[in-house]
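Listed below, chain by chain, are the residues.
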Amino acid sequence: MNEYIPILVLGGLALAFALFSVGIAPFTGPARYNRAKMDRYESGIEPSPLPEGGGKVSIKYFFTAMMFIVFDIEIVFLYPFAVVFDELSWFAFFAVMLFLLNITIAYVYEWRRGGMDWT
């Protein structure tokens, strides 16, 4: 149990800081509300009106999000492998190759669906 005490202390500090920040914000921040702040966009450009049931969202938005998730997960899993590469067996090597094959399939799918076209 002594090994987990630093983790619990750090988690408690993070929770205390988050609660303190959220709790003190209404008392310390300025409360000057106006029409521009209450509007959906604060860029100064009036948004174009949407149809009555909402509008269609471009599929490129979802492809970009999927590409971020795929590459983010790839880095998260490959970094520990690269750190301890010398100490691993052939089983671990083939497991990582299988993982890279899955990532490549996701990459090719994204590419063929047009997620890499930024025009």
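Quick caveat: nothing in here was measured; it's all calculated off a predicted structure.

**Re the overall build of the chain**
And step 1. When you go through the chain residue by residue, the secondary structure sums to 4 helices and 0 strands.
And step 2. Of the roughly 10,900 Å² of accessible surface on the chain, 70% is carried by carbon and sulfur atoms.

**Let's talk about the packing of aromatic side chains**
And step 1. According to the stated counting rule, one finds 7 aromatic pairs in the structure shown.
And step 2. Taking 5.9 Å as the distance between ring centres and 50° as the angle between the ring planes, the aromatic pair formed by Y107 and W111 counts as tilted. Of this pair, Y107 and W111 both sit in helix α4 (residues 90–112), 4 residues apart, which is roughly one turn of that helix.
And step 3. Note on Y107: relative accessible area 32%, which makes it partly exposed.
And step 4. Linked through ring pairs, F71, Y107 and W111 together constitute an aromatic cluster.

**A look at the UniProt feature "transmembrane region" (unreviewed entry) in the chain**
And step 1. Under the local residue numbering, the UniProt record ascribes the feature "transmembrane region" (unreviewed entry) to residues 6–28, 61–82 and 88–109.
And step 2. Note that residues 61–82 is 100% helix and 0% strand, and that its end C-alpha atoms are spaced 31 Å apart.
And step 3. From the first C-alpha to the last, residues 88–109 spans 31 Å; its make-up is 91% helix and 0% strand.

**Thoughts on α4**
And step 1. The terminal C-alpha atoms of α4 lie 33 Å apart, and with 23 residues this matches the ideal 33 Å at 1.5 Å per residue to within 8%.
And step 2. If you check which residues of α4 are buried, you get A92, V96, I103 and E110.
And step 3. The inward-facing, buried residues of α4 abut α3 (59–83).
And step 4. After α4 finishes, the residue G114 shows a positive phi value of roughly 95°.

**Details of a nonpolar patch on the surface**
And step 1. A surface patch of nonpolar side chains, about 520 Å² in accessible area, is lined by F68, I69, I73, V76 and F77.
And step 2. Inspection of the secondary structure assignment puts F68 in helix α3.

**Re helix α1 (residues 5–28)**
Helical geometry note: an α-helix holds 3.6 residues per turn, so side chains three or four residues apart project in the same direction.
And step 1. Taking 1.5 Å of rise per residue, the 24 residues of α1 would be expected to cover 34 Å, and the 33 Å separating its terminal C-alpha atoms lies within 8% of that figure.
And step 2. Counted residue by residue, α1 has 0 buried out of 24 residues, so it is predominantly exposed.

Parameters at a glance
Residues numbered from 1 in each chain as written. Predicted model: local features only at pLDDT ≥ 70, side-chain atom pairs only at ≥ 80, totals over all residues. Heavy atoms only, no water. Helix = DSSP H or I, 4+ residues; strand = E, 2+ residues; numbered from the N terminus. Areas by Shrake-Rupley, 256 points an atom, 1.4 Å probe, with all protein chains shown as cover. Phe/Tyr/Trp six-rings, centres within 6.5 Å; stacked < 30°, edge-to-face > 60°. Buried < 20%, exposed > 50% of the residue type's maximum accessible area, 1.4 Å probe, protein only. UniProt positions renumbered as here; feature names shortened; annotations may be inferred. Expected span 1.5 Å × (residues − 1). Contact = heavy atoms within 4.5 Å. Patch = residues over 30% accessible without salt bridge, like charges linked within 9 Å, V, L, I, M, F, W, Y side chains within 5 Å. Salt bridge = Lys/Arg side-chain N within 4 Å of Asp/Glu carboxyl O.

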